[in-house]
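A structural walkthrough
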Amino acid sequence: MSHVADQARMRALWLLAATFLVAVSGLIYELIAATLSSYLLGDSVRQFSMVIGVFLSAMGVGAWASRFVGQAMGGFIWAQILLGLVGGFMAPAVFYSYAWAGSVSLPLFGLLIATGVLSGMEIPLIARVLKEVGAPQFRFENVLSVDYIGALAASLAFPLLIVPHLGLMSASLAFGALNLAVAGVSLWLFRRDATRQQVGVWALTFVLTIAGLVQAERLVSVAEASLYEDDIILSEATPYQQITVTRYRDRVRLFLDHSIQFDTLDEYRYHEMLVHPALALAPRRRSVLILGGGDGMAVREVLRWPDVDAVTLVDLDPRVTELFRDHPHLAPLNDHALQDARVEVVTADAWSFVEQSNALFDVVLVDLPDPKNLALSKLYSRQFYGALAERLSGQGIVVTQAGSPLFAREAYWSVANTLAAARNPQQPGQGLFVRPYHTYVPSFGAWGFVMASQSPLRDRDLMLPDNLRYLSDEIWQAAQVFSADMAKVPAEVNSIQSHALVGYYLDGWAAWFE
């Protein structure tokens, strides 16, 4: 009797441990799916919301369907084997589908639903097995508590450990292997109830998953080679984004979350237009703040001005600034600007920095990603621009990249209207004075910027640094003229309550490219 009791206790303890492990893997699959969705489809808030909703609904279906499983332990083992296969190969399947067919939604949500159904079956089946092995001291509340603790562990580990050290492809396969390991231990502990078919399928799936995990880096390389025209010289996943750098001969391109950020063939057009008009028009330019721009290209242009004493660069992702400061192939692209003694690099969220800083700046350059989701839209809001105006010196100037006035026309003019509506610290009740302008960048097409100040800017010729490759006073004058198809249209002011800008942006680009 003692042996039987010990065996029952061991099985019950294992089932609680298994509950923790499957809770971890289930939430990891959900986070992987949400991250893949936001990487490949954009609008992270919408994608995370959809993934969470679909996954939880599928879990509910799985919990309901578990009542039709006749043999609880056999059903649990089959669920783990199938999760190892479906969940483990989720990221590889979605990446390859995107690379070769351009399809994301169908494979992603199909695999997500299957994973959710299988995950939803786990807890009801474990509870049934606990009753069957005669473990009354292990109450159902204990199972739920362990499940919730596992979810907490997964949510903390995902951004801090899993994405930085494994990446999405390896993480998906690693947690597939974890589900299969749970199945393997369960097969051994409940071997009297196991079938040869289960053992055979488990062994085959486990070997396949381990082989995929061993070859994960190669799988990533093959998938990315299909996504990009040129050779990939660097690919890293950080807690914030996927960083990819490609090169063909002397041409280097940076992609963040698979969206191009610069091409060395034409980036000088963008960065000269972002930086030099504001610095040329500013009465003083001793202190310059750059929000975003972790690649250091804007810093390079700012340092062309000899009277600049200090540049503060604020970027959220420390890995980007590290790469463009230290990498032997990337640092030369910005003329080693991030190593200059006048440059201070601050790793922080732009909103937090602006709210917490007491410093005043003569020029502020906003070089942030496009407002394709709510997290980015807040950095184009009336509230943010009002706080930013407080960081300007008396005659200071702020300029922001504002997207395409052609491809996303309403979005561009929404940014201009939002800056014009932001509070003016020098003139209470008055908004900022804005000057919209645009240029052509081959990598992006027609691209726009908006300059703003607390008092009207005077029209005068630009005195520019020597050896610029694109900008001249003639180009500057032409940049302020908008053709009929880019001219101002009515557009709402963007605020953190309305986020009208996100809709304008997504609708505008979809009209051209979907």
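Above this text you will find the structure in question.
Presented here is a report on the structure given in the accompanying data block. (Residues numbered from 1 in each chain as written. Predicted model: local features only at pLDDT ≥ 70, side-chain atom pairs only at ≥ 80, totals over all residues. Heavy atoms only, no water.)

Quick notes on the sheet that holds strand β11 (residues 445–453)
- In space, the 7 strands of this open sheet follow the order β7-β6-β5-β8-β9-β11-β10, with mixed pairing throughout. Looking along the sheet, the strands with just one partner apiece sit at the ends: β7 (343–347) and β10 (433–441). Averaged over neighbouring strand pairs, the angle between their axes works out to 15 degrees when direction is ignored.
- Where strand β5 (residues 287–292) lies against strand β8 (residues 361–367), 5 bridges are found, and the strand directions are parallel. Following the sheet pairing, Val288 is matched in β8 by Val363.
- Each of β9 (392–401), β10 and β11 touches helix α16 (residues 409–421); the most contacted strand, β11, lies at about 5 degrees to it. (Pairing = 2+ DSSP bridges. Helix = DSSP H or I, 4+ residues; strand = E, 2+ residues; numbered from the N terminus. Axes fitted to C-alpha atoms, helices over the stretch in contact; angles between N-to-C directions. Contact = heavy atoms within 4.5 Å.)

Structural notes on the side chain of Arg391
- Topologically, Arg391 is positioned in the loop between α15 (382–389) and β9.
- Put simply, Arg391 is tucked away with no salt bridge, and the nearest opposite charge, on Glu390, sits 5.8 Å away.
- When neighbours within four sequence positions are excluded, Arg391 is seen to be in contact with Val354, Ser357, Asn358, Ala359, Leu360 and Phe361. (Buried < 20%, exposed > 50% of the residue type's maximum accessible area, 1.4 Å probe, protein only. Lys, Arg positive; Asp, Glu negative; His and termini not counted. Salt bridge = Lys/Arg side-chain N within 4 Å of Asp/Glu carboxyl O.)

Focus on α16
- The end-to-end C-alpha separation of α16 is 18 Å, in line with the 18 Å expected for 13 residues at 1.5 Å each.
- Within α16 the residues assigned to the buried category are Ala411, Tyr412, Trp413, Ser414, Val415, Ala416, Asn417, Thr418 and Leu419.
- Its buried side turned inward, α16 meets α15, β9, β10, β11 and α18 (500–513). (Expected span 1.5 Å × (residues − 1).)

Things to note about the packing of aromatic side chains
- In this structure the tally under the stated criterion is 19 aromatic pairs.
- Judged by centre distance (5.4 Å) and plane angle (20 degrees), the rings of Trp202 and Phe206 are stacked. Taken together, the residues span about one helical turn, with Trp202 and Phe206 both in helix α8 (residues 196–214) at a distance of 4 residues.
- On the basis of relative accessible area, Trp202 is assigned to the partly exposed category, the value being 21%.
- Their ring planes at 50 degrees and their centres at 6.1 Å tell us that Phe384 and Tyr385 sit as a pair that is tilted.
- We classify Phe384 as buried; its relative accessible area is 0%.
- Under the relative-accessibility criterion, Tyr385 is labelled buried at 1%.
- Chaining the aromatic ring pairs together yields one cluster made of Tyr270, Phe407, Tyr437, Phe444, Trp447, Phe449, Trp476, Tyr505, Trp509, Trp512 and Phe513.
- In this structure, Arg469 is placed above the aromatic ring of Tyr268, and the distance from its NZ or CZ to the ring centre is 3.9 Å. (Phe/Tyr/Trp six-rings, centres within 6.5 Å; stacked < 30°, edge-to-face > 60°. Lys NZ or Arg CZ within 6 Å of the ring centre and 35° of its normal.)

None of the figures reported here should be taken as evidence of function without further support.
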